[in-house]
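Structural features, examined
Below are the chains, spelled out letter by letter.
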Amino acid sequence: MRDVAIIGTGMTKFGELWDKSLHEIFVEAALKAIDDSGVERIDSMYIGNLSGGLFVGQEHLASLIPDYLGVCPIPATRVESACSSGALALKQAFLEVASGFSDIVLAGGVEKMTDVPTDVATYGLAAAADREYEAFQGITFPGLYALIARRHMYEYGTTREQLAMVAVKNHKNGAKNPHAQFPFEITIEQVLNSTLVADPLRLLDCSPITDGAAAVIVCPAEMAKEYTDKPIKIIGVGHATDTIALHGRNDITTLKATVEAGKRAYTMAGIKPEDIDLAEVHDCFTIAEICAMEDLGFAKKGEGGKAVEEGLTEIDGKIPINPSGGLKSKGHPVGATGIAQVVEVVTQLRGKAGERQVKDAKIGLTHNLGGSGGSVIVHILEVM
Ligand code: COA
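To start, this report covers the structure provided alongside it. (Residues numbered from 1 in each chain as written. Predicted model: local features only at pLDDT ≥ 70, side-chain atom pairs only at ≥ 80, totals over all residues. Heavy atoms only, no water.)

**Some points on the site of the ligand**
- Close to the ligand lie 15 residues, the nearest being Thr118, Cys206, Ser207, Pro208 and Lys328.
- Contacts to the ligand include Cys206, whose backbone N or O atom sits 2.7 Å from a nitrogen atom.
- Burial of the ligand by the surrounding chains reaches 62%, relative to a free accessible area of 920 Å².
- Per-class residue counts for the shell around the ligand are eleven nonpolar, three polar and one charged. (Near = heavy atom within 4 Å. Polar contact = N/O pair within 3.5 Å; in protein donor to acceptor, adjacent residues only side chain to side chain. Areas by Shrake-Rupley, 256 points an atom, 1.4 Å probe, with all protein chains shown as cover. Nonpolar A, V, L, I, M, F, W, Y, C, P; charged D, E, K, R; others polar.)

Listed below in structure tokens is the structure:
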């Protein structure tokens, strides 16, 4: 297997991009990545997308996107693994370059969710749960994560305030991110007084409904310095699955796919959680960030909430989590999220994150999760 590096990144602003179509935002992100890398061609591309069909009535992205990007006849593949579709696109691009099949590959993700009302978006998102046993009974993703939150509070004494602190910290970081959908700070009181969505989760515990796209260019590590002074090597890739429905799990406070994907990525990279300088984790709801910290080994089981309260996950803390603002503040255009996490880690490792820069960042991790933990992909990146 050849070593693989990221040589360029690009993303759109996240938010309600009502004046742009799905293919326009993908092309915008892709052109930024191509421009950033300086490549003159791409050999192949992967597009992460949860459901162009349900959100904007558009499928066949594997033809639409290369057409509007002007790169036909290169091969293009649309991949779907719910909210982890973006990371899956990168994993496939990694494998294609590592195997020697192609040299320069674009991995991107896109979702256009705000063209439909919230109830339709919620129906579309619920297609990523177990439709028969969960969605048909009326439970939505906020409801599923509310169950996880209640159980975590019951088992480990995690407090309502600790959940709020995740949102407060992520909005504080997102306020420094020009791409963020909600770039403003909030207080614990605002979180606690925001509209109840699914008890105990409130509006400000939830990631929003978002339009956005992100893209990266990968190539063999040995070619990377021809294009950039600061290539970022992909040193770990971990991918795992778990039951799609919560009722199939013995313990809903541990997302086993995260534990397994993390283990695989750490093993491949030959490092431990303590070696990670920063992480972008999948905080679709505040409780999800706490579970991810525990499942990835950044906090002991049951102590994720305490770690947030002690400030360990702040930009200047022991393990900075979601310096981009996370899904909570930056936004969550589901198919694009996994790539946007990688864009942030690459920006941090290149030392270009401005006001939200993590000092001396050398190794970063991304954790992209599908549904309520049915699929998870972890990537570990290092400065070359
Ligand atoms: N965080 C912060 N503010 C938010 C927000 C969020 N998650 N969602 C909406 N807002 C703001 C809006 O900007 C709007 O502000 P304004 O009145 O100043 O314009 C206000 O809150 C109401 O917005 P609205 O769009 O009417 O909210 P909604 O009730 O339709 O949707 C949620 C709110 C929480 C139900 C929706 O964002 C949601 O379903 N989120 C979860 C998405 C999800 O499940 N993703 C997959 C994860 S696995």
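Here the narrative resumes, following the displayed structure.
**Digging into the nonpolar core**
- Within the largest apolar cluster, 60 residues are counted, with the highest numbers of intra-cluster contacts made by Tyr145, Ile276, Ile287, Phe298, Leu365 and Ile380.
- With seven residues, the top contributor of residues to this core is helix α6 (residues 141–156).
- Here this core spans two domains, and each of domain 1 (4–117 + 210–224) and domain 2 (137–205 + 235–383) adds at least three residues to it.
- Among residues more than four places away in sequence, those in contact with Ile380 are Lys233, Ile234, Ile235, Gly236, Ala265, Tyr266, Ala269, Ile271, Ile276, Ile363, Gly364 and Leu365.
- Judged by nonpolar contacts, the second largest core, of 36 residues, contains Ala336, Val345, Leu349 and Ile377. (Core = buried A, V, L, I, M, F, W, Y, C linked by side-chain atoms within 4.5 Å. Buried < 20%, exposed > 50% of the residue type's maximum accessible area, 1.4 Å probe, protein only. Helix = DSSP H or I, 4+ residues; strand = E, 2+ residues; numbered from the N terminus. Domains from an automatic or database assignment. Contact = heavy atoms within 4.5 Å.)

**A look at the packing of aromatic side chains**
- Counted under the stated rule, the structure contains two aromatic pairs.
- A ring pair is formed by Phe182 and Phe184, whose centres lie 5.7 Å apart and whose planes are at 55°; its orientation type is tilted.
- When its relative accessible area of 40% is taken as the criterion, Phe184 is described as partly exposed.
- Over the ring of Tyr123 we find Arg131; its NZ or CZ atom is 4.2 Å from the centre of that ring. (Phe/Tyr/Trp six-rings, centres within 6.5 Å; stacked < 30°, edge-to-face > 60°. Lys NZ or Arg CZ within 6 Å of the ring centre and 35° of its normal.)

**Quick notes on the side chain of Asp205**
- Tracing the backbone through its elements, the reader meets Asp205 in the loop between β6 (201–202) and β7 (211–220).
- Within the structure, the side chain of Asp205 is placed 2.8 Å from the side chain of Thr286, a separation counted as a polar contact.
- Every residue in contact with Asp205, bar those within four places of it in the chain, is listed here: Arg160, Leu163, Ala164, Val191, Pro200, Cys284, Phe285, Thr286 and Lys328.

**Here's the deal with the state of the cysteines**
- Summed over the entire model, instances satisfying the criterion amount to zero disulfides.
- Unpaired in terms of disulfides, Cys284 finds its nearest cysteine sulfur in Cys83, a separation of 6.7 Å.
- Cys284 supplies the cysteine sulfur nearest to Cys291, a cysteine that is in no disulfide, at a spacing of 9.6 Å.
- Cys291 sits in the buried class, given a relative accessible area of 2%. (Disulfide = S-S within 2.5 Å.)

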